[in-house]
Amino acid sequence: MKKLLLVTFLFSAFISCKNNETKIGQEVDTEAEKSIEQQIAEAHGLNNFEEVKEIQFTFNVKVGDSLRTSREWTWKPKTDEIRLTEGDISRTYTKTGDIAEEDKDIDQKFINDSYWFLFPFQMVWSDAEISEEKTGLAPISKKEMKYLEVSYKGEGGYTPGDTYVVYYEDDYLLEEWIYKSADGQREMPTTWEDFEDFQGLKISKSHKSPDGSFELFFTDIVVK
């Protein structure tokens, strides 16, 4: 998977991932052998993903009272056929190892939006470097939680070198995270909240900044 790029003026430093093939449905034989990231992914429904034929969702970003971004997606994971609708314009492409030049802009948007949507799964699917589990105060709630650092250090992709610190409790559902830019110049925490179960996938529908002035949220979610 390629590193994700937040394409609007607000997103240029938010989210990234490696440009590598996903490992959908990766499983480990016993609970004792499962990594923490595997347990996090499974808590969010990874084991149900193999049954998914199609996912629809709308990615929205609101700053203050203004809706800055709204993109509608339809993704068929088994064929990697992807359709984007923005306003009255729809475009479709098939995600392959080599993205055609004319499809790179839509691919960047899909990577960004789908990583916000399914980041717990990407912790297993991508080739991220995962730290040992630690305990500390979460950045927004100030509650003591477990956390991992998820880093994409390699070259290539759209925005290499970013790190995400994910916070969770005993149920392994993400509650907060911090984005850290590759250059060390920016950190941004947001919540993971408003979870809902869609055909066994537990999706966080809302991510908010500490003061609530920024919200990234999902609507029109359908999992088939």
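About the criteria used
- Residues numbered from 1 in each chain as written.
- Predicted model: local features only at pLDDT ≥ 70, side-chain atom pairs only at ≥ 80, totals over all residues.
- Heavy atoms only, no water.
- Pairing = 2+ DSSP bridges.
- Helix = DSSP H or I, 4+ residues; strand = E, 2+ residues; numbered from the N terminus.
- Axes fitted to C-alpha atoms, helices over the stretch in contact; angles between N-to-C directions.
- Contact = heavy atoms within 4.5 Å.
- Left-handed = near helix turned anticlockwise from the far one by under 90°.
- Nonpolar A, V, L, I, M, F, W, Y, C, P; charged D, E, K, R; others polar.
- Buried < 20%, exposed > 50% of the residue type's maximum accessible area, 1.4 Å probe, protein only.
- Core = buried A, V, L, I, M, F, W, Y, C linked by side-chain atoms within 4.5 Å.
- Phe/Tyr/Trp six-rings, centres within 6.5 Å; stacked < 30°, edge-to-face > 60°.

J.: Could you clarify how one ought to interpret the sheet that holds strand β11 (residues 193-198) in this entry?
T.: Backbone-to-backbone hydrogen bonds pair the strands of a sheet. The strands run either parallel or antiparallel. Spatially, the seven strands line up as an open sheet ordered β4-β3-β2-β1-β13-β12-β11, and their pairing is antiparallel. Two strands in the sheet have a free side with no partner beyond their single neighbour: β4 (89-94) and β11. Between one strand and the next, the sheet's axes are offset by a mean angle of 20°, whatever the strand orientation. Direction of pairing for strand β2 (residues 66-76) relative to strand β3 (residues 81-86): antiparallel, over a ladder of five bridges. In the strand pairing of β3, Lys-76 is matched with Glu-81. Against the sheet, helix α2 (residues 104-125) makes contact with β1 (55-63), β2, β3, β4, β12 (201-208) and β13 (214-223), and its axis sits at roughly 75° relative to β2, the strand it touches most.

J.: How should the packing of helix α1 (residues 36-43) against α2 be read in this particular structure?
T.: Packed helix pairs are specified by the crossing angle of their axes together with the interaxial distance, meaning the distance between the axes. At their nearest, the axes of α1 and α2 sit 8 Å apart, and the two run at 145° to each other. You can see that α1 and α2 cross each other, and the crossing is left-handed. Taken together, the residues of α2 that come into contact with α1 (itself represented by Glu-37, Gln-38, Ile-40 and Ala-41) are Pro-120, Phe-121, Met-123 and Val-124. Among the residues making up the contact of α1 with α2, the classes are represented as six nonpolar, one polar and one charged.

J.: What is the right way to look at the side chain of Glu-215 in this model?
T.: Among the structural elements, Glu-215 can be located in strand β13. Setting aside its immediate chain neighbours within four residues, Glu-215 contacts Asn-60, Val-61, Lys-62, Ser-206, His-207 and Lys-208.

J.: Is there a simple way to think about unusual backbone geometry in this case?
T.: Excluding glycine, residues mostly carry a negative phi; peptide bonds, for their part, are mostly trans. In this structure, Asp-80 is a non-glycine residue whose phi angle is positive, near 55°. For Asp-80, a relative accessible area of 21% gives the class partly exposed. One non-glycine residue with positive phi stands out, namely Tyr-172, at about 65°. Here Tyr-172 shows up in the loop between β8 (163-168) and β9 (174-180).

J.: Whenever I open this one, the nonpolar core confuses me. Can you help?
T.: The nonpolar side chains of soluble globular proteins are, as a tendency, buried together. By size, the foremost hydrophobic cluster in this structure holds 50 residues, and its most contacted members are Phe-49, Ile-55 and Phe-119. Beyond its immediate chain neighbours, meaning those up to four positions away, Phe-119 contacts Ser-114, Val-150, Tyr-152, Tyr-164, Val-166, Leu-174, Trp-177 and Trp-192. Counting six residues, the second-largest nonpolar core is a separate cluster that includes Ala-138, Met-145, Tyr-147 and Val-165.

J.: What is the right way to read the packing of aromatic side chains from this model?
T.: Two descriptors summarise a pair of aromatic rings, namely the distance from one centre to the other and the angle between the planes of the rings. Within this structure, the stated rule accounts for 19 aromatic pairs. Ring geometry for Phe-117 and Phe-218: centres 4.9 Å apart, planes at 65°, overall edge-to-face. On the criterion of sequence distance, the pair formed by Phe-117 in helix α2 and Phe-218 in strand β13 is long-range, its members being 101 residues apart. Just as Phe-117 is buried, Phe-218 falls in that class too. Arranged with centres 5.6 Å apart and planes meeting at 45°, the rings of Tyr-164 and Tyr-179 form a pair that is tilted. Residue Tyr-164 is located in strand β8, and its partner Tyr-179 is located in strand β9; the two are separated by 15 residues in the primary sequence. By the ring-pair criterion, three or more aromatic residues cluster together here, those being Trp-116, Phe-119, Tyr-152, Tyr-164, Trp-177, Tyr-179 and Trp-192.

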